[in-house]
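Spelled out, the chains give:
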Amino acid sequence: MGLHTEKNLPVKAAPSKSAVWRKRVRDNKFAYMLMVPTIIFMLLVHLLPMIQGFWMSFLKLNQFTLGKYLKAPFVGMDNYIGLLFNSDNPVRQGLNFAIRNTVIYSVIVTIGVMIMGLMMALLMNRDFPGRSIARTAMLLPWVVPSYVVGVLWGFMWQQNGIINYFLVDVLHLFDEKPFWLLGPNTIWAIIIPTIWRGWPFLMVIFLAGLQTIPEDIYEAATIDGAGKLRQFWNMTLPMLKPVIAVQLLFQIINNVYSYNIVSTMFGNGAGYPGEWGDLLMTALTRQSFGYWSFGSGSAASIMLMFAMLMVVGVWYRAFRSELNAQ
Amino acid sequence: MKKTAVSISALLMAFSVVVSGCGGNNNSSNSANNGGNKQEASATAAPATPSTEPVTLNAWVMPNSPKPDADFLKTLDPYLKEHPNVTMKVTVLDWGSAWTKITTAATSGEGPDLLQLGSTWVPAIASMGGIDKITDKVADVGGAEAFLPAIWTTTSIAGDSEVYGVPWFVDARAIYYRTDVFKQAGVDTATAFKDWDSFKSALQAVNGQTVDGKKIAALGLPGKNDWNVVHNIFPWIWAAGGDVLSADNKDVAFNDDKGLDGVMYYTGLAAEGLVDKASLEKNSSQIESDFGDGKSAVIISGPWLAKNFATPKANGGMDDKKAAKNFAVAPLPAGPGGQATFVGGSELTVFSGSKNKEATWDVIKYLTSDEAQKAYAAVSGQLPARLSLLESPDLDANMKAFSEATKYGRTYPSIPQWGPTETALQKHFANVWDIVAGVKGKYSKESVKEELDSAAAEVKAIINQ
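Given the structure is predicted, the values throughout are model-derived calculations rather than measurements.

### Structural notes on helix H12 (residues 284-292) of chain B
Each α-helix turn comprises 3.6 residues. Residues three or four places apart therefore point the same way.
All names here are of chain B.
(1) Moving on: Burial of H12 is extensive: seven of the nine residues sit out of reach of the surface.
(2) Moving on: Residues Ser284, Gln286, Ile287, Glu288, Asp290, Phe291 and Gly292 constitute the buried set of H12.
(3) Moving on: One or two residues past the end of H12 sits Gly294, with phi positive at roughly 80°.

### Thoughts on the interface of chain B and chain A
(1) Moving on: Counting residues at the interface gives 54 residues for chain B, matched by 61 residues for chain A.
(2) Moving on: Buried area between chain B and chain A, both sides added, is near 5000 Å², and the carbon and sulfur share of it is 69%.
(3) Moving on: The interface formed by chain B and chain A holds one salt bridge in total.
(4) Moving on: In this structure, B:Lys440 and A:Glu275 form a salt bridge, with 3.5 Å as the shortest nitrogen-oxygen distance.
(5) Moving on: One can count 10 residue pairs in polar contact (both at pLDDT 80 or more) joining chain B with chain A.

### What about the environment of A:Ile191?
All names here are of chain A.
(1) Moving on: Its location among the elements puts Ile191 in helix H9 (residues 186-210).
(2) Moving on: The exposure class of Ile191 is buried, given its relative accessible area of 1%.
(3) Moving on: Linking Ile191 and Gln159, residues 32 residues apart in sequence, is a C-alpha distance of 18 Å.
(4) Moving on: Dropping the residues within four chain positions of it, Ile191 is found in contact with Ile104, Tyr105, Ile108 and Val109.

### Considering the side chain of B:Thr368
All names here are of chain B.
(1) Moving on: With respect to the element layout, Thr368 can be found in the loop between helix H15 (357-367) and helix H16 (370-380).
(2) Moving on: Polar side-chain contacts of Thr368 include one of 3.3 Å to the backbone oxygen of Lys365.
(3) Moving on: Dropping the residues within four chain positions of it, Thr368 is found in contact with Val141, Phe147, Val166, Pro167, Leu348, Gln373 and Arg386.

### Regarding the packing of aromatic side chains
(1) Moving on: Under the criterion given, the structure shown has 43 aromatic pairs over all chains.
(2) Moving on: With centroids separated by 5.7 Å and ring planes inclined at 70°, the aromatic side chains of B:Phe234 and B:Tyr412 adopt a geometry described as edge-to-face. Note that B:Phe234 is positioned in helix H10 (residues 229-239) and B:Tyr412 in the loop between strand E13 (409-410) and helix H19 (418-437), a separation of 178 residues in sequence.
(3) Moving on: Here B:Tyr412 falls in the buried class, since its relative accessible area comes to 4%.
(4) Moving on: Relative to B:Tyr265, the ring of B:Trp236 lies with its centre 5.6 Å away and its plane at 35°, an arrangement referred to as tilted. Taken together, the residues span a long stretch of sequence, with B:Trp236 in helix H10 and B:Tyr265 in helix H11 (residues 257-271) at a distance of 29 residues.
(5) Moving on: Since its relative accessible area comes to 2%, B:Trp236 is described here as buried.
(6) Moving on: Overall, B:Tyr265 belongs to the buried group, its relative accessible area being 9%.
(7) Moving on: Of the aromatic side chains, those joined through ring pairs into one cluster are B:Tyr177, B:Phe182, B:Phe193, B:Trp196, B:Phe199, B:Trp236, B:Tyr265, B:Tyr266 and B:Trp433.
(8) Moving on: The aromatic ring of A:Trp21 is capped on one face by A:Arg24, whose charged end is 4.7 Å from the ring centroid.

Criteria and thresholds
Residues numbered from 1 in each chain as written. Chains lettered and ligands numbered in written order. Predicted model: local features only at pLDDT ≥ 70, side-chain atom pairs only at ≥ 80, totals over all residues. Heavy atoms only, no water. Buried < 20%, exposed > 50% of the residue type's maximum accessible area, 1.4 Å probe, protein only. Helix = DSSP H or I, 4+ residues; strand = E, 2+ residues; numbered from the N terminus. Contact = heavy atoms within 4.5 Å. Buried area = accessible area lost by both parts, 1.4 Å probe. Salt bridge = Lys/Arg side-chain N within 4 Å of Asp/Glu carboxyl O. Polar contact = N/O pair within 3.5 Å; in protein donor to acceptor, adjacent residues only side chain to side chain. Phe/Tyr/Trp six-rings, centres within 6.5 Å; stacked < 30°, edge-to-face > 60°. Lys NZ or Arg CZ within 6 Å of the ring centre and 35° of its normal.

In structure tokens:
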């Protein structure tokens, strides 16, 4: 999205950066004026609460000091130190489980929805009778609100529910019906519905991406003797890379910050999903609003924010060239 | 690309808003002013004739009945007819999100006039300065003597004589059992619910009875994925002679030998096969509908279930179920430490930020009168909080059983830190159910004790913070 002023720059004398900016502002005064209210609004809505959250992470902020809010006792790095090093800190024990689960959950879900979405997009990109009806039908899981997904799958996973009926009574995969909402199986009880709900969105995006690839290069490749698989690896995938890159980031953020499915499946936010079902967001919500430790809750979320920024940094390095290509 | 970066930071920041959002528009000077106004108001309030100036009151209530706002207004209708100058606006808060909204209101001073609070929330909101002291006014509604003692203790903070709320309605837990199944198994219901031993042998007798061609489980109880986990376990700890905290509320008591006995007896019922293990994954309302569907012979629930069984199917009730015509209510069995059950309920409070405290108090006076309590109990299926009504001879048999239950009913310590305490207990009791289900180590006295001890360590830190 280069600014159109760039092509007006004189080629011979390379002007200083500030000169370029001065010229940009002068030439586009009206455009910049239009942006000012938005910038002020963004600062108010985004930056202030962020600074506030940052400040709160240095306070002993609980129910007794909440009334004083920003004037609560200052404890410096105590909230951070407690979370990182104090093994007696119950929050820290809970966070270990939540971090492990969130990593497993977001890696599997992200990979799962991307592969499912891509495969279905490739299928749907072919011409076959009833294609448009099929495409619409595929979108069904995505249209179901995540609250409903949680409640619905919560029923299906129950010990005498439909999933165990298929796994045990029909397919005879286990000797006895396992629990899915108790114990270590819980992680699958949240991963599978999330993938089920998430892939149609990716299918739509990839489908749009596939349709920008011109048909004739495939024809040329076929004439040159490249098989379907080779065409996929050497043409489709590289051409889709910018789309894949953006969706990858979107999915990582989305899944790390996932909350609804777990909260609706396990006691509507009131229950404890257990050591294999708790995610960072459910743990942090419990931490802040259940234990009323708003200070260490903010500290934990600030740390999470920096962790996410690092992920974004790695992501940007990996895909920089694709993203700047246009 | 820039767009993506902006949306990432937007997402991150949105999250920090969530975390910091609980503060809302903090205005401590505002609440200080309110405190001042309140003093003036109560000083001039002595004559207690509410003005006839037009006034609009906002009330925040939770869904206590099938049509929460309509039922609330219906109860209030006679009052509003008599006071045409009063307009009442009702906002229904979902139980799940109510806590966050109320604490936000309490810190910002922006909220309703009349506020319903769950009985365990009163000390916390009072300690935040969110609700008014009404100590000098409660005589208007009959004072402590007029209400169920167990619920009255929750109107103040333990160790403090100030009163912050008036009990509105009461919820107690008792046993629902299938009369037909007990008869078929030849169990005498007059003695079956006497004590722990008779209860267990009664359950063993009804377990696996065939009803309508299907085997019935003796007991239905929810495990961990439920909002009542803590309320379900404590009656058994109390009945074993245990307690939540020590008498001075400074130490933890629930993990001592008696507390452990209580937990082992209750969870033992599931471990010994008297409970269909599938029910350990369910929540209270699923357990209730399972009972309605004839999957279990006994469950423990509150007065609302009897109301539900009496409500026609067309209105969302369960009157068509076989259980609806074949059930009775009995008290919880006595343990070595006596008889106990959980008593909860809600209170009506005057919000500190209210500008119409006089008019609000007048409405509360009406809502806690005999007339209104009776009317609200009828629409909501909850128990009235006034003793005169609880002891009234015209209660039906089921309500009488619940009224009986309130006599040995107990509540949690009325401490400001109860909220986080209950969250911690919820977490560890959930782990106990994982142990019972066999997915987290082996079920034994030692493993349960270990979990209770780790709960105790956490709770101790919370109450001494």
